[in-house]
Each structure stands twice: as C-alpha cells, then as structure tokens.
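One-letter residues, chain by chain:
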Amino acid sequence: MSKLAEHIKALILAEGPMGLDRYMLECLAHPSFGYYMTEEPFGVSGDFTTAPEISQMFGELIALWLAEQWLLMGQPTNTKIVEIGPGRGTLMADALRALASVPTMLENTSVHLVETSPRLKSIQAETLRARVGIQWHNHINEVPEGPMLLVANELFDALPIRQFIKTEQGWAERHVGLSDDNAFEWQDIACTAPPHIAAPTAQVGDVIEVSPASSSLMADISRRIKFQGGAGLIIDYGYYENATADTLQALKDHTYSNPLENLGSSDLTAHVNFVPLKNIAETTGIHVFGPVPQGVFLSNLGIEARANQLAAASPEKADDITTAKERLVSFEQMGKLFKVMGLAPQERHASGFEGRS
Ligand code: SAH
C-alpha cells in the first residue's frame with residue numbers, strides 16, 4: 001500500500017468517511033505524497049498531455065491575447081504577467097518568446113508564477129532559465145500590487161469537488177470510506193439538498209458537483225482584476241450548462257483508472273462547471289467574455305495562419321504542425337470540450353470571442 005493510502009486510511013479510521021473534496025486534496029496536494037508533489041504528470045511519459053505541451057502555438061496565441069489587452073489598457077507599467085498552475089512552464093516560455101516582439105512590454109512587466117508544488121516550481125525554473133527575475137508565489141493574493149495579465153490552463157479541473165447524489169431516499173454526499181475488509185469504497189451519506197440551481201428538478205441517480213475551492217479562487221481572481229485592473233483567460237475542459245453527471249476521473253499513463261486505486265500516482269480531475277465561475281466573476285462586477293470553445297477561440301486568433309507560417313519555416317515538420325493544430329481546434333479532439341473564458345474589469349474589445357457571447 002502506498003504511503004498516501006496508509007495516511008488516508010488512518011484519517012478515515014480516526015475521523016470517519018472522508019468527503020470527496022478532502023480526498024482529492026489529499027491525493028493531489030498532500031505535501032509529501034500528493035500527486036503534484038511527487039509525479040511527472042505531463043507529456044508522453046506522463047499521465048496526460050496538455051495544450052501547451054502539444055504545440056508552441058498555444059502559448060503564442062495566449063500571449064497575443066494578453067498583449068492586445070495590455071495595449072488596450074494603455075500599456076501600464078508595473079503590470080504583472082501571471083500564470084496559475086504553470087505545470088512545466090512551457091506555456092509561459094512560449095508566451096514570453098512571443099511577447100519579446102511587443103515593443104516595451106517585457107521591460108514594463110514582471111512575471112509571476114503561482115504554484116503549490118515545490119517539485120514543479122523547480123521544473124518551471126529550469127524551463128524558464130533564460131528569463132531573469134521570475135517570482136513564484138503560493139497564492140494569487142501574494143502577487144505584488146499592479147494590473148494583472150493572467151492565464152490559467154487546466155488548473156480548475158485539478159481543484160477539489162464535492163458530489164451530491166439524488167437517491168430514492170433523498171440527497172446523499174459522496175464520501176470515501178473503508179469496507180469490512182479494509183479496502184477503500186464509496187459511501188454516500190445522507191445530507192440535506194445541496195444549495196444548487198439544479199437540485200429542485202434533479203432525478204434519482206443525478207449527481208450535482210460543486211467546487212468551493214474553485215469558487216473561492218475565482219472570487220480572488222475577480223476581485224484582483226476589478227480593483228487593480230488587468231485581464232485574464234481561464235481555459236479548461238468542462239461544460240457551460242447545469243449538468244447533473246459524475247465527471248470525476250482518474251488518469252494514469254494516459255488511461256482511465258479507478259479513482260480509489262493508485263492513490264497519489266494517478267491524476268484526479270473533474271470537468272469544470274463554468275456557470276458558477278462566470279456568475280462569481282460577474283457578481284464581483286467584472287466583465288466576462290465567453291466561455292467559447294477552445295477551437296473557436298484559437299481559430300479566431302489566427303492559429304491557421306500561424307501553423308502555415310511555422311510549416312513554411314520548417315517544411316519537414318509540416319505534418320506534425322497540422323496534426324498538433326487539429327488536436328487543439330478540432331471539435332472531435334480538444335476544440336469543443338475545452339472552453340476559454342475571458343475576464344476584464346469592464347467591457348472592452350477582446351479578440352478571440354467574436355461571434356459568441
Ligand atoms: N497549466 C499547465 C499544468 C496543468 S496541471 C499545463 O497546461 O500544462 C495543474 C497545475 O496546477 C500543476 O502545475 C499543479 O501543481 C498546479 N496546481 C494545482 N493546484 C493548485 C493551486 N491551488 N494553486 C496553484 N497551482 C496549483
């Protein structure tokens with residue numbers, strides 16, 4: 001049994017069945033045994049591949065969007081370029097290379113990475129060694145004052161969720177407990193109806209997911225953009241309607257696995273519900289663009305032209321470049337499931353979201 005499994009068993013024996021949110025937090029973020037603290041999650045040899053690891057075009061187009069916002073903001077000095085959950089640092093490396101062509105931008109901005117894993121911080125430092133002065137923080141609230149150009153790709157799917165299940169007997173909340181033979185098992189414990197818009201009309205078998213950690217991070221991001229200015233992009237796989245499905249998934253070596261097995265060595269995620277994220281941002285008083293499908297966003301920003309340019313520069317890689325572009329934009333691949341949501345303190349122009357509200 002892994003050390004993390006032993007640790008979680010001990011907690012359950014001491015405190016009783018553990019809510020799914022606490023279970024996810026322990027599995028992903030336990031300081032010594034958590035998945036992001038110990039594993040190499042990304043890429044061919046890891047458990048999953050993210051958009052920046054597929055192609056440099058992703059980070060470049062994000063950079064273009066941030067640069068446009070910075071120009072529309074009047075090029076404020078003291079601007080912070082911020083990424084939350086930077087993984088291997090690939091997106092930021094591609095973005096900074098692209099931003100070097102925007103006159104005066106890198107001289108007037110500083111780069112801040114918000115990351116909770118010491119291991120990934122050192123990998124990011126290695127990827128970004130060419131850029132001096134990068135600062136790391138554990139939370140967005142620690143980033144020094146100033147307008148913020150923010151990006152978070154595949155961050156919210158890693159934040160813990162709670163699950164409520166409508167049963168014949170009423171509502172129950174999903175917990176992880178121990179069976180008679182001391183194995184992990186799901187235990188659904190009776191509770192009051194979740195305070196969720198879909199609860200009153202839910203059918204037996206429906207699952208409602210909420211993510212208090214996501215709501216609280218979204219509120220912090222929104223307040224920061226409202227009071228200090230800037231703009232942001234939240235990108236993740238998820239949905240924009242009040243779905244009632246169980247979206248928890250465990251991934252190990254690019255294959256789905258049982259969330260109650262491989263504790264600490266498989267990735268645990270859930271689809272992101274953009275409805276509450278948008279509501280929180282708007283309640284804070286900031287402007288939200290989209291969400292739109294990633295394929296629409298990247299196409300609007302000109303990924304086709306960039307792919308052609310890269311292929312012309314390296315004809316031997318033309319097929320790989322086309323395949324990578326298709327993977328990012330095709331609705332059968334990442335283009336539809338992944339959504340992009342933009343943030344600004346007030347309504348202003350923003351490329352990428354044209355034709356959709
Ligand atoms: N954005 C990267 C990595 C996505 S994986 C990419 O697209 O490749 C999720 C990342 O978020 C990891 O770097 C993980 O360590 C980090 N992370 C998880 N929870 C976090 C939190 N609460 N605050 C900041 N970073 C977090």
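The coordinates are above.
Residues numbered from 1 in each chain as written. Predicted model: local features only at pLDDT ≥ 70, side-chain atom pairs only at ≥ 80, totals over all residues. Heavy atoms only, no water.

1. Observations concerning the overall build of the protein
We count it as follows: Helix numbering and strand numbering both begin at the N terminus, where a helix is a DSSP run of H or I of at least 4 residues and a strand a DSSP run of E of at least 2. Between buried and exposed lies partly exposed: a residue is buried under 20% and exposed over 50% of the maximum accessible area for its type, with that area taken using a 1.4 Å probe on protein chains only. Contacts are residue-level and defined by heavy atoms, with any inter-residue pair within 4.5 Å sufficient. In these tables, accessible area is a Shrake-Rupley quantity obtained with a 1.4 Å probe, and a residue counts as shielded only by the protein chains included in the view.
Each helix and strand in the protein was counted, giving twelve helices and 16 strands. Dimensions of the protein along its principal axes, counting C-alpha atoms only, are 65 × 40 × 40 Å. In the protein, which comprises 357 residues, the share counted as buried stands at 56%. Pairs at least 24 apart in sequence give 74% of the contacts found in the protein among residues at least 6 apart. Accessible surface for the protein amounts to roughly 15400 Å². Of this, 52% is attributable to carbon and sulfur atoms.

2. Some points on the site of the ligand
The criterion, for reference: For this purpose, a residue is taken to be near a molecule or strand whenever a single non-hydrogen atom of the residue falls within 4 Å of it. Identification of polar contacts relies on pairs of N or O atoms within 3.5 Å, with a donor-acceptor requirement for protein atoms, meaning one able to donate a hydrogen and the other able to accept it, and with residues adjacent in sequence counted only if both atoms are side-chain atoms. Lys, Arg, Asp and Glu make up the charged group, whereas Ala, Val, Leu, Ile, Met, Phe, Trp, Tyr, Cys and Pro make up the nonpolar group; the residues left over, Gly among them, are polar.
As a matter of local geometry, the ligand sits amid 17 residues, with Thr50, Gly85, Gly87, Glu115 and Asn153 nearest to it. Within the side chain of Thr50, a nitrogen or oxygen atom sits 2.6 Å from an oxygen atom of the ligand. Within the backbone of Gly85, a nitrogen or oxygen atom sits 2.7 Å from a nitrogen atom of the ligand. Protein contacts shield 90% of the accessible area of the ligand, which totals 570 Å² for the unbound molecule. For the shell around the ligand, the residue count by class is nine nonpolar, five polar and three charged.

3. Concerning the nonpolar core
Stated precisely, the cut-off is as follows: Take the buried residues of types Ala, Val, Leu, Ile, Met, Phe, Trp, Tyr and Cys, join any two whose side-chain atoms come within 4.5 Å, and each joined set is a nonpolar core.
Counting 49 residues, the largest nonpolar core has Trp65, Leu233, Phe297, Leu328 and Phe353 as its most contacted members. Residue contacts for Leu328: discarding those within four places in its chain leaves Ala51, Ile54, Ser55, Phe58, Gln294, Gly295, Leu298, Ile303, Met334 and Gly335. Judged by nonpolar contacts, the second largest core, of 28 residues, contains Met18, Tyr23, Leu248 and Ala270.

4. Let's talk about the packing of helix 5 (residues 56-72) against helix 6 (residues 90-99)
Note the threshold: Throughout, an axis means a line fitted to C-alpha atoms (over the contacting stretch in the case of helices), and angles, computed between N-to-C directions, take values from 0 to 180 degrees. Any angle that is under 35 degrees is reported as roughly parallel, and any over 145 degrees as roughly antiparallel; angles of 65 to 115 degrees are reported as roughly perpendicular and all others as oblique. Whether a crossing is left-handed or right-handed is set by the direction in which the near helix is turned from the far one by less than a right angle, anticlockwise for left-handed and clockwise for right-handed.
At a minimum axis distance of 7 Å, the contact between helix 5 and helix 6 shows a crossing angle of 55 degrees. Here helix 6 runs oblique to helix 5, going by the angle between their axes. The element helix 5 and its partner helix 6 pack so that their crossing is right-handed. Where helix 5 approaches helix 6, its residues Gln56, Phe58, Gly59, Glu60, Ile62, Ala63 and Ala67 are matched on the opposing element by Leu91, Asp94, Ala95, Arg97, Ala98 and Leu99. Broken down by class, the residue content of the contact of helix 5 with helix 6 amounts to eight nonpolar, two polar and three charged.

5. Regarding the pattern of salt bridges
This is how the line gets drawn: Between Lys or Arg on one side and Asp or Glu on the other, a salt bridge is scored when a side-chain nitrogen of the former is within 4 Å of a carboxyl oxygen of the latter.
For the structure shown, the criterion picks out 13 salt bridges. Taking the shortest distance from any N to any O, the salt bridge between Glu126 and Arg129 comes out at 3.3 Å. For Asp246, the salt bridge is made with Arg174, and the minimal N-O distance between the two is 3.8 Å. Of this pair, Asp246 sits in the loop between strand 10 (230-239) and strand 11 (249-252) while Arg174 sits in strand 7 (residues 170-178), and the two are 72 residues apart along the sequence.

6. Observations regarding the packing of aromatic side chains
The relation between two aromatic rings is expressed through the spacing of the ring centres and the mutual angle of the planes. To be explicit about the condition: Only Phe, Tyr and Trp rings are paired, with Trp represented by its six-membered ring, and only when their centres lie within 6.5 Å; those with planes under 30 degrees apart are stacked, over 60 edge-to-face, the remainder tilted.
A complete count under the given rule lists five aromatic pairs for this structure. Look at Tyr35 and Tyr36: their rings are 5.2 Å apart centre to centre, the planes differ by 75 degrees, and that puts the pair in the edge-to-face class. Taking 5.5 Å as the distance between ring centres and 25 degrees as the angle between the ring planes, the aromatic pair formed by Phe289 and Phe353 counts as stacked. Of this pair, Phe289 sits in strand 15 (residues 287-293) while Phe353 sits in the segment after strand 16 (338-344), and the two are 64 residues apart along the sequence. Here a set of aromatic residues connected by ring pairs shows up, and it is made of Trp65, Phe289, Phe297 and Phe353.

7. Looking at the sheet that holds strand 11
One key point about sheets: their strands pair by backbone hydrogen bonds, in either a parallel or an antiparallel sense. The cut-off we apply is this: Being paired, for any two strands, means DSSP has found at least two bridges between them.
The three strands lie next to each other as 12-11-13, forming an open sheet whose pairing is antiparallel. The sheet is open, and its two borders are formed by strand 12 (255-257) and strand 13 (267-269), each paired with just one other strand. Neighbour to neighbour, the strand axes of the sheet diverge by 40 degrees on average, direction disregarded. Relative to strand 12, strand 11 is paired through three bridges, and the arrangement is antiparallel. Paired with Lys252 across the strands is Thr255, a residue of strand 12.

8. A short note on the side chain of Ser110
With respect to the secondary-structure elements, Ser110 resides in strand 3 (residues 109-114). For Ser110, a relative accessible area of 19% translates into the label buried. Every residue in contact with Ser110, bar those within four places of it in the chain, is listed here: Thr79, Lys80, Ile81 and Arg131.

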